[in-house]
Amino acid sequence: MISQEEREDLELFSFIFGACIGSFLNVLILKLPFYKSLLSNKRSKCPSCGHLIYWYHNIPLISYLFLKAKCSYCGVKISFQYFLVEIISALVTLFLFLKIGLSQEFIFMCLLSYVLIVLSFIDLKYKAAPDYLLLIALFLSFFATNFNLLDAFKNAFLFAGALVLLNFVITFYIQNIKARVLKDESLKTQEALGEGDIPIIAMMGVILGLSSGVFAIFLAAFFAIIPSIYSNIVKKDMQTPFIPYLVLGFYVEYFFNLETFTKAFY
């Protein structure tokens, strides 16, 4: 049994650890889509001026704020993605510790979360996700679940199969409602979900179970509506990366269990 003071120290450590991991995740997000080697002795450089970045300019979260989001040498703005990935990684690690404590489940949920963060940002940027990362996420979910292995497999297959029906429903929304709202005939031939969404939806079934998993998927669809319409109108981009919203729906349901709350409310 750990004391309150020790627990508070572990909470702080989990936040700092998550932020440091987030810094590494930024490297993965930048390099993995281009199959660049991660084993390099070269120090980080500013992508604008090429100046070496010293360690004290590369401290997670702190350096970004201290430098006011600008390179200290050339003054070019640093992408907000660096800070966002680090703070998300830090908060997710902290919330996981608060929810399940220091355990084997915590370790696997952290590993799964870091993979999901990388997948989300790659999908946001390139509207595609590496297959091997999707498989890693699905594989890790079987170690992080509270369900027995047989039920976890059953949930995964049920969710992967249900994707066909879900794709039909959301595609119907895009091809009819959204096409009329935006007055864009090209949307009538667009499908909502891609093959990359299948492993993520299966992962949600493994971790959350059937009822909570379904609720998380519809949360994801709800979260995606406004950004999707914004992207169509402002950016004229008809493709909406769905993995980030699936991941968001997953974590909202995982941490807050809204499906149970909704049942109790009604």
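Below you will find a few notes about this structure. (Residues numbered from 1 in each chain as written. Predicted model: local features only at pLDDT ≥ 70, side-chain atom pairs only at ≥ 80, totals over all residues. Heavy atoms only, no water.)

**A closer look at the overall build of the protein**
Broken down by element type, the protein carries ten helices and zero strands. Its helices and strands in sequence order give the protein the pattern α-α-α-α-α-α-α-α-α-α, from N to C terminus. Per-residue burial over the protein gives 43% buried out of 266 residues. For the protein, the proportion of contacts with a sequence separation of at least 24, taken over those separated by at least 6, is 68%. For the protein, the computed accessible surface area is about 15500 Å², with 68% contributed by carbon and sulfur atoms. (Helix = DSSP H or I, 4+ residues; strand = E, 2+ residues; numbered from the N terminus. Buried < 20%, exposed > 50% of the residue type's maximum accessible area, 1.4 Å probe, protein only. Contact = heavy atoms within 4.5 Å. Areas by Shrake-Rupley, 256 points an atom, 1.4 Å probe, with all protein chains shown as cover.)

**Considerations on helix α3 (residues 80-100)**
If you check α3, its first and last C-alpha atoms are 30 Å apart, about what 21 residues at 1.5 Å a residue would give, namely 30 Å. The set of residues buried in α3 consists of Gln-81, Phe-83, Val-85, Glu-86, Ser-89, Ala-90, Val-92, Thr-93, Leu-94, Leu-96 and Phe-97. Elements that come into contact with the buried residues of α3 comprise α1 (4-31), α2 (62-66), α4 (104-126) and α9 (243-256). The positive-phi residue at the C-terminal boundary of α3 is Gly-101, with phi of around 70°. (Expected span 1.5 Å × (residues − 1).)

**A few points about the layout of surface pockets**
Roughly 1200 Å³ of volume is contained in the largest pocket. Together, 37 residues line the largest pocket, and Leu-30, Ser-44, Lys-45, Ile-53 and Tyr-82 are the ones closest to its centre. The set of elements that each furnish at least two residues to the lining of the largest pocket consists of α1, α2 and α3. When residues in the lining of the largest pocket are grouped by element, the largest group, seven residues, is from α1. Here the lining of the largest pocket is composed, by residue class, of 19 nonpolar, eleven polar and seven charged. (1 Å grid on protein atoms, 1.4 Å probe; cavity = no way out; pocket = protein on both sides within 12 Å on 5 of 7 lines; lining within 4 Å. Points joined across faces, edges and corners; volume = space filled by probe spheres on them. Nonpolar A, V, L, I, M, F, W, Y, C, P; charged D, E, K, R; others polar.)

**A closer look at α4**
Given a rise of 1.5 Å per residue, 23 residues ought to cover 33 Å, and the 33 Å separating the end C-alpha atoms of α4 matches this to within 8%. Within α4, 17 of the 23 residues are buried, leaving the element largely enclosed by the surrounding structure. A positive backbone phi angle near 55° is found at Lys-127, which sits one or two residues after α4.

**Quick look at the environment of Leu-258**
Relative to the assigned elements, Leu-258 resides in helix α10 (residues 258-265). Residue Leu-258 is classed as partly exposed on the basis of its relative accessible area of 29%. Expressed as a C-alpha distance, the spacing of Leu-258 and Ser-212, which sit 46 residues apart in the sequence, is 8.2 Å.

**A few points about the nonpolar core**
With 47 residues, the main nonpolar core has Leu-116, Leu-119, Ile-200, Ile-207 and Phe-250 as its most contacted residues. Where this core is concerned, the elements lending two or more residues are α1, α3, α4, α5 (131-144), α7 (197-208), α8 (210-234) and α9. Here the element with the most residues in this core is α4; it accounts for 13 residues. Sequence-distant contacts of Phe-250, that is, excluding residues within four places in its chain, are made with Met-109, Leu-116, Met-203, Met-204, Ile-207, Leu-208 and Ala-216. Core analysis: the next-biggest nonpolar cluster, separate from the first, contains six residues, Leu-61, Tyr-64, Phe-83 and Ala-90 among them. (Core = buried A, V, L, I, M, F, W, Y, C linked by side-chain atoms within 4.5 Å.)

**Focus on a negative patch on the surface**
Residues Glu-5, Glu-6, Glu-8 and Asp-9 make up a contiguous surface patch of negative charge. Along the polypeptide, Glu-5 turns up in helix α1. (Patch = residues over 30% accessible without salt bridge, like charges linked within 9 Å, V, L, I, M, F, W, Y side chains within 5 Å. Salt bridge = Lys/Arg side-chain N within 4 Å of Asp/Glu carboxyl O. Lys, Arg positive; Asp, Glu negative; His and termini not counted. Charge placed at Lys NZ, Arg CZ, Asp CG, Glu CD.)

**As for the packing of α4 against α7**
Closest axis-to-axis distance for the α4/α7 pair is 13 Å, and the angle between their directions is 155°. As summarised for this structure, α4 and α7 are arranged roughly antiparallel, according to the angle between their axes. The two elements α4 and α7 meet at a crossing, and its hand is left-handed. Judged by residue contacts, Met-109, Leu-112, Leu-116 and Leu-119 of α4 engage Ile-200, Met-203 and Ile-207 from α7. Along the lines of polarity and charge, the residues of the contact of α4 with α7 split into seven nonpolar, no polar and no charged. (Axes fitted to C-alpha atoms, helices over the stretch in contact; angles between N-to-C directions. Parallel < 35°, antiparallel > 145°, perpendicular 65-115°, else oblique. Left-handed = near helix turned anticlockwise from the far one by under 90°.)

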